Each structure stands twice: as structure tokens, then as C-alpha cells.
Amino acid sequence: MNPLNAPNRQEDFKLKDTKPQLGERWPHGGARGGGGWISSDRATSTYDLVEQMFYLYVRVVKAKDLPTNPVTGNIDPYIEVKLGNYKGKTKHFEKKTNPEWNQVFAFSKDKIQSSILEVFVRDREMVGRDDYIGKVIFDMHEVPTRVPPDSPLAPQWYRLEDRHGDSKVKGEVMLAVWMGTQADEAFPEAWHSDAATVQGEGVFNVRSKVYVSPKLWYLRVNVIEAQDVEPSDKSQQPQVFVKAQVGNQVLKTKLCPVRTNNPTWNEDLIFVAAEPFEEQLALTVENKVTSGKDEVVGRLVLPLHIFERRLDHRPVHSRWFNLEKYGFGALEGDKRHELKFSSRVHLRVCLEGAYHVLDESTMYISDQRPTARQLWKNPIGILEVGILSAQGLLPMKTNDGKGTTDAYCVAKYGLKWVRTRTILESFNPKWNEQYTWEVYDPCTVITLGVFDNCHLGGNEKPGGGGGGGRLDSRIGKVRIRLSTLETDRIYTNSYPLLVLQPSGLKKMGELQLAVRFTCLSFANMIYLYGHPLLPKMHYLHPFTVNQLDSLRYQAMNIVAVRLSRAEPPLRKEVVEYMLDVDSHMWSMRRSKANFFRILSLFSGVISMSKWLGEVCQWKNPVTTVLVHVLFFILICYPELILPTIFLYMFLIGIWNYRFRPRHPPHMDTKLSCAEVVHPDELDEEFDTFPTSKQQDVARMRYDRLRSVAGRIQTVVGDMATQGERFQALLSWRDPRATALYVIFCFIAAFVLYITPFKIIILVTGLFWFRHPRFRSKLPSVPSNFFRRLPSRADSLL
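Residues numbered from 1 in each chain as written. Predicted model: local features only at pLDDT ≥ 70, side-chain atom pairs only at ≥ 80, totals over all residues. Heavy atoms only, no water.

Remarks on the packing of aromatic side chains
This is how it is decided: Each pair of aromatic rings taken from Phe, Tyr and Trp, with Trp reduced to its six-membered ring, is defined by centres within 6.5 Å and is described as stacked if the planes are under 30 degrees apart, edge-to-face if over 60, and tilted in the remaining cases. A run of DSSP states H or I qualifies as a helix once it reaches four residues; a run of E qualifies as a strand once it reaches two. Both are numbered from the N-terminal end. Only protein chains enter the calculation, and the probe is 1.4 Å; a residue is then buried if its accessible area is under 20% of its type maximum, exposed if over 50%, and partly exposed in between.
Within this structure, the stated rule accounts for 22 aromatic pairs. Judged by centre distance (5.1 Å) and plane angle (70°), the rings of tyrosine 218 and phenylalanine 543 are edge-to-face. Of this pair, tyrosine 218 sits in strand S12 (residues 216-227) while phenylalanine 543 sits in the loop between helix H3 (537-540) and helix H4 (545-564), placing them 325 residues apart in sequence. Phenylalanine 543 carries the same exposure label as tyrosine 218, and that label is buried. Ring geometry for tyrosine 529 against phenylalanine 785: centres 6.1 Å apart, planes inclined by 50°, an arrangement best described as tilted. Placement of tyrosine 529 in the loop between helix H2 (522-528) and H3 and of phenylalanine 785 in helix H13 (residues 781-787) is noted, with a sequence separation of 256 residues between them.

In C-alpha cells form, the structure reads like this:
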């Protein structure tokens, strides 16, 4: 029996309201500028969506006139900052009496157990204990409090004292000590007492960082023709094709249907390239000798930066490029210049700047801007997210015989990725970090994931689960669609972190967030609802579905590789999980979920037919009489039919406002069919692709079935999405869209009421049969509005 299916566990999978103490409170005076908490609706601080955390900061700047060792005549100084049980050390300098460190130490106030801060200057010895040089002592009660955005506290020179503190010794050290919060500029790069056990390279992996996705371009290579292609066997005409490669991406043109020395293709090959352009475009012209043998007859390597950057659909100039005769190596370089005649290829190549390069699913897209910055519009809003804490995390690995978790959170929206600092050995980590993104379209999704850090250097034990070859473990993921948020409202919710494992659905803990979506231009935001979701080039010159799937896969690979090369790296497994790299894989559970989504859409039609049956059976005589009266009125005055329908939808929309969702939608375990999934279906969902089954025939048929079924699953899901968007018109899931539609229904009801019905039919018919020159390739305003409506796909696991 699965304990997760018990009724008392169902509430664990739902969103919960929280009441964190957001804002700023300062000691000895309450809030800034007044008593108690900040009373204004909008605090001036950039950290008003997180709980305040106090830290004691110690900035070690430099030292001067340090005494040398009387034996060696040199000194290798370093500084040790000690507060209770916590010690932080600077790096040491060799043979330097005036060293400069400029390093900051941060001690969490919650863990301070001492009333004095000690700063020791020591001389590092290769053998034996390090020599004591001097110290400076600070009383914790005398440490000043710094309030950002005040200027940083000025460091001061302090004379060193002897071991007992009775007298001064030679040498001075420049320090600044103050009490501050996580809003302090020194916070991100400081040494933290929370991570005192991390050693070596692991120190970089515990700090919070902001990453930017590489700028991606579509590279369009139009292979037009080639001239004077000469095969090695000149007795027969060649039948050739062109193979192009950019990085790991390889595409081929079709085989030229006729054997000729001057083949023609006029075929487009599309690649994904990232700035800075490290890869090159490598083309080879190959001759099909036999069914299993291809012969390279010429090659060409071109850097990407030489190609034109196109910002619209205007044609690009084509160019002829000479092919290098295949086979001349570096040692035969002089022979190349002896060739007076060579084959050449005709290409039209450009970098497409008017497309948005998709590196994430369009269902959960977070950015829709084209590549070229010149085509960007002004932002319409600001998204602020306070990543507060996690509660009840499960142990993810074993260190020294006990279960532990070193958790960090990653958030992705648009081109900006953020990573919180890692909280060591805690099942209830508190990050309290706040981040801001510009919003260019409200119909976008922010994704947040929680991971266990398995790359902490000296904290890892062989075989203990923290080895360097380990992957950072997934703890869970949260998605929030911005269009479901009311503007200027702070949402403080606790999101369950749900993960589907081979053993079944598992709750890994809860993530507490504070989210606010601020609108900068309400008119621009309403204006966007009638415009296409993607840049217009996607509709004027669209890609095929297969092309989009392949290009998205390549874009995800490029983003994962580039971010994994940052310091510290945002690892590939993290990026792939955030971008839903395996969302296209076949799953019986997902197919069931999409099927039941479609069935739920027909429940409204079924309930309507039941209601009509009850009317016909006079179960409620008053209702039946009213329906008869309405029926007779509409028969006598048919022009009232349409205004009545729109007025009815207007009233339903107003009525449903009382029942609008109070929380952003989250992953629904019941909708995802995750609570009652069969073990055999889970085994299939977590099976490798290709399958790990032994029989060859079964493998081939099984993989073919999964491939086809995966497509059907996507189609069924798309059908369900369209139907759910109809439901979203009046459900207030997107408050702005429903408000627009309700107002439209009211205006339409009024216009249709005062306009003769025959005129309406005539105008509709003329518009429907209008000439093609009056039609646009871009989607219509109603179509754009409809595509922007939210669906329940946001709530799927």
C-alpha cells in the first residue's frame, strides 16, 4: 500500500499560504525611519521580499610594519579572524611586511556565541606552530550597524596588542567591522561562517552567483549550387551532396537527383550558433560512389563572424566560395597555390536576428524576444522574487555515516539565471536572497529548482555520496506563470517540491517564496495580448516542427555547455533539468493525464445536456417556464440571440470573479496521474531510450511504439491546452485577459443590440470572404489573444 495515497498526505501536495516577516528591521530603533516594521506598502529597499538576516562583517584590508622573525629575518603573514567557535583565515604572503588582503568575513548573528571578536596576525611556519605576531580585540556591543544604501564603513588602522593584551607591539592592521544584513554589497563575495567546513575549490561552489545565457543565433545556410565538381574517377559523372557542420551539429542536403559536374540544390540548412562564435562553418562536397561509400571531393571552412546579420526577411546577397581540393595537407601547402582552377560552391549564408532561438519548451517559455537587440521593445514590468527558505528537505547523501543535504536554489527567467548560496548540512535552509528580472511579456513562466550540491571540495568523502564525479541531485522544481499573478501584490506561498521517482511520487520538501509582479506600463501590457507570441519572422517564414525540435535540442546543449564553463559552473544536469530536456520522452502516465484533461473538457458539454434534459422533464417548473419564455423571445426576435449569448458570458465572467484562484497554479499530482501510477508504467517511464530490454526485436518495436506514442501524446496535450484556454476566458486565471474579455463581451452585447442583425451578418460575410490581398500572414488579434491564455499545462509534473 502506497502511504502517499493516504488522505492525510493529500494536503502535503498543495500550495500553502505563509506569513514571513518581510522587510527591514534595525536594532535600537525598529524600522528605518520609524518604529517597528516599515509601514509603507512599497519599501524603498531592494530586499523587501525577504526576511532580514544579520551578519557581523569583518573587512581585512592590509597591514604594515609587521615585525620579522629574528631567526630567519622574514615574515609570511596571514590573518585569522575568530568569533567563538568559528575561524576564518586569509591567504598568506611570503616575505612581506606590508601585505594587502582586502578580504571580507561574514559571521551569522544567529550563531554568534561570543561577546568579543578577535583578529590575530600570525607568521606561517613550514614546520611547527605558526608564530603569534599580535591581535586586535573588538567588543561586540560596540560594533556599529551599517544601513544600506549608506556608503561602506571606512576601515581604520589598529595597533597590534601582545598575547595578553597588556601592551602594544610593533605593527598595525587596517580593519573595518560592522553589523549588516544580506543586502550589504560585501555579502556575495564574503567568506561565510555557514560554510566554514568547505575547503579548496569548493569555496567557489557555495557562493551565490548570477549567470547570463549565451546570445544564440540561427545560422541559415542556403546551399544553391556548385560548379566543376571533379570526382577521383573521371570516367563517370558525380552524384553529389553537401554536408555542413557547426560544432557538433551536422546537416546534409539531399542527393542531387542527376549526375552532373554542376549540381543544384537550393536547400536551406539551419544551425544554432552562440556568441562569441567559437565554432566555424565546415562544408564538404561529397560524391556518392556506392550505397555505402562517399567520397569527399572538396571542402571549405568559414568563420561565422564574416556572415551578414539579417534583421528581417529581406534577401541576403549570395557569394561564390572556392573549395579546397580534398587531400592536400599542411605539408603540401605550396601545392594549393599551384592550382589555377578549382571547384566552387554558391552559398547564401546569414545569421538570423529576427527569430527567437528556442532553448526551452514553448509551453513554459520565459523569453520571447528576437536575437537582435535592436528589435527589443521596452520592458512592461518588473518581476521580483524573494527565495526565502526550504522546509523539511530529505537527506540526499551520506557524509560520515549520517544523512545530509547541502541545498541551493536556481531560478531561470529570460537570459538571466541566478543561483543562491549553498547552505551546508541543513534540512531547513534559509537563503533569504532577492532577485529582479525585467519582464517583456506577461505570458511567460519563471522556473525555480532546488538541488543538492555534491561539489564541495574538502567536504567530500570517498564513497560518502559527495564524490567529485557525482551529479548535483534534483530535489524539486517550481513553475510560476506571470500572467496568473495580480500586479503589485506580494504572493507568499510554500510550494511542495514534488519529484517522480522509479519508486513513485515523492515529496522532497517545500520551497518558500515571495513573488511580486510590478507593472510599468499597463497600456503596453494590454496591447501585447493582441500580438503574436513569438517574433513575426516565426510566422512569415516558419520552421517545420522537426526543425524546431532539433534546433531546440541543439540550443539546450549549447546553453548547458556554456554555463558549465562559468566559474563556478552551473552544471549541465542542473541546466537540463531547468529546461525540461526530457519532456518529449514517452510516458504512459503523461498520456493518461492528457487524455483525462480532454475528458474533463467535455464534462461541461455533458452537464449542459443533462441540464437541458432536466428542463425538458420539468424537474424544476420555474426554470422550464423561463427557458420557454426565452426561447419564444429569441424566435420572435432573432437579432437578440448573439447579444444574449455575450451578455450571458459577461454575467458568468462577473459571477466567476468570486471564485477566482487565490494562488498561482502549481503542479497538480492528481491532474498528472502521479498518485496512482502503476509500478510497471513507472518502470517504462524511467526506462532508458533505447530500451534496456534484451530482445532485439522487442527493442526495435518498443522504441518505434514509444516514438509514435510520444507524438500522439504531444498532439493530445495540445488539444487539451486549446480547450483549457477556452475555459480560461472567464475563469480569471489570467486576471487581465479575463477582464479584457468580459469588457469585450459587454461592448459586443451593446453593439450587437443596437445594430440590425442583417448588417452584422453582411459585414461578417464580407469580412470572411475578403480578397487575399487584404489578408495578413500574421495571426489575427483574436488568435493572438487566445494563444496567450493560460492552460493547465502549467500544473503538470
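Some thoughts on the packing of helix H8 (residues 641-656) against helix H11 (residues 735-754)
To keep things clear, this is the line we draw: Structural elements are reduced to axes, namely lines fitted to C-alpha atoms, with helices fitted over the stretch in contact, and the angle between N-to-C directions of any two is expressed from 0 to 180 degrees. For classification, angles of less than 35 degrees are called roughly parallel, those exceeding 145 degrees roughly antiparallel, those between 65 and 115 degrees roughly perpendicular, and all remaining angles oblique. Definitions for this section: a left-handed crossing has its near helix turned counterclockwise from the far helix by less than a right angle. A right-handed crossing has that turn clockwise. By definition in these notes, contact holds between two residues if any of their heavy atoms fall within 4.5 Å. Residue classes follow a fixed rule: Ala, Val, Leu, Ile, Met, Phe, Trp, Tyr, Cys and Pro count as nonpolar, while Asp, Glu, Lys and Arg count as charged, and any other residue, Gly among them, counts as polar.
Packing of H8 against H11 brings their axes to within 8 Å, and their N-to-C directions diverge by 155°. Our classification of the angle between H8 and H11 gives roughly antiparallel. Along this stretch, H8 crosses H11, giving a crossing that reads as left-handed. Where H8 approaches H11, its residues Leu642, Pro643, Phe646, Leu647, Met649, Phe650, Gly653 and Ile654 are matched on the opposing element by Tyr741, Val742, Phe744, Cys745, Phe746, Ala748, Ala749, Leu752 and Tyr753. When the residues that make up the contact of H8 with H11 are grouped by side-chain class, the tally is 16 nonpolar, one polar and no charged.

Quick word on the UniProt feature "transmembrane region" (unreviewed entry) in the protein chain
The test is simple: UniProt positions are given in the numbering used here, feature names are shortened, and annotations may be inferred rather than shown by experiment.
The sites that UniProt annotates as "transmembrane region" (unreviewed entry) are residues 513-530, 595-613, 625-657 and 739-769. Along residues 513-530, the helical share is 39% and the strand share 39%, with 31 Å between the first and last C-alpha atoms. Note that residues 595-613 is 100% helix and 0% strand, and that its end C-alpha atoms are spaced 27 Å apart.

Concerning the pattern of salt bridges
In plain terms, the rule: Any Lys or Arg side-chain nitrogen found within 4 Å of a carboxyl oxygen on Asp or Glu counts as a salt bridge.
Across all of its chains, the model carries 35 salt bridges by this definition. Two residues, glutamate 189 and arginine 207, come together in a salt bridge whose shortest N-O distance is 3.4 Å. Of this pair, glutamate 189 sits in the loop between strand S9 (168-181) and strand S10 (191-192) while arginine 207 sits in the loop between S10 and strand S11 (209-212); the two residues are 18 residues apart in sequence, bridging distant segments of the chain. The class of glutamate 189 is partly exposed, set by a relative accessible area of 46%. According to the relative accessible area criterion, arginine 207 is buried, its value standing at 16%. One salt bridge connects arginine 421 with glutamate 433, and the closest N-O pair in it is separated by 2.7 Å. A residue pair is termed long-range when its members are at least 10 positions apart, and arginine 421 in the loop between strand S25 (416-419) and strand S26 (430-439) and glutamate 433 in strand S26 qualify at 12 residues. Through salt bridges that share partners, Arg220, Asp268, Arg310 and Glu352 make up one connected network.

Section: empty space enclosed by the protein
We count it as follows: In this analysis a 1.4 Å probe is tested at points of a 1 Å grid over the protein atoms alone, and where it fits but cannot get out there is a cavity; an open set with protein on both sides within 12 Å along at least five of seven lines is a pocket; lining residues have an atom within 4 Å of a point. Grid points are joined across faces, edges and corners, and a volume is the space filled by probe spheres set on the points. What counts as a domain boundary in this text is fixed by an automatic or database domain assignment.
What the rule picks out here adds up to five cavities of 30 Å³ or more. Counted as a void, the largest cavity has a volume near 110 Å³. The wall of the largest cavity is formed by 13 residues, among which Thr484, Tyr491, Pro661, Trp732 and Arg733 lie closest to the centre. Here the residues of the lining of the largest cavity sort into six nonpolar, two polar and five charged. Inspection of the lining of the largest cavity shows a minimum of three residues originating in each of domain 3 (375-456 + 470-579) and domain 4 (588-795). The calculated volume of the second largest cavity comes to roughly 70 Å³.

Remarks on the packing of helix H6 (residues 588-616) against helix H7 (residues 621-636)
Interaxial distance between H6 and H7 falls to 8 Å at its minimum, and their mutual angle equals 100°. One way to sum up the angle between H6 and H7 is to call them roughly perpendicular. Within the contact between the two elements, H6 uses Trp611, Glu614 and Val615 and H7 uses Thr623, Thr624 and Val627. By residue class, the composition of the contact of H6 with H7 is three nonpolar, two polar and one charged.

Examining the side chain of asparagine 453
Quick note on the threshold: Under the rule applied, a polar contact is a pair of N or O atoms within 3.5 Å (in protein, one hydrogen donor and one hydrogen acceptor; residues adjacent in sequence only if both atoms are side-chain atoms).
Along the chain, asparagine 453 falls in the loop between strand S27 (445-452) and strand S28 (473-481). Accessibility expressed as a relative area gives 1% for asparagine 453, which makes it buried. One polar contact links the side chain of asparagine 453 to the main-chain carbonyl oxygen of asparagine 205, over a distance of 3.0 Å. In this structure the side chain of asparagine 453 is engaged in a polar contact, spanning 3.0 Å, whose partner is the side chain of threonine 422. Contact partners of asparagine 453, with chain neighbours within four places excluded, come to Asn205, Lys397, Asp406, Tyr408, Arg419, Thr422 and Asp472.

Focus: the sheet that holds strand S14 (residues 249-252)
Short version of the rule: If DSSP finds at least two bridges between two strands, the strands pair.
The strand order S14-S13-S16-S17 describes an open sheet built from four strands, whose pairing is antiparallel. The open sheet has two free edges, formed respectively by S14 and strand S17 (293-303), since each of these has just one partner strand. Taking each pair of neighbouring strands and ignoring which way they run, the sheet shows an average axis angle of 20°. As judged from the seven bridges shared by strand S13 (residues 240-246) and strand S16 (residues 280-290), these two strands associate in the antiparallel manner. Pairing of valine 240 across the sheet is with asparagine 287, part of S16.

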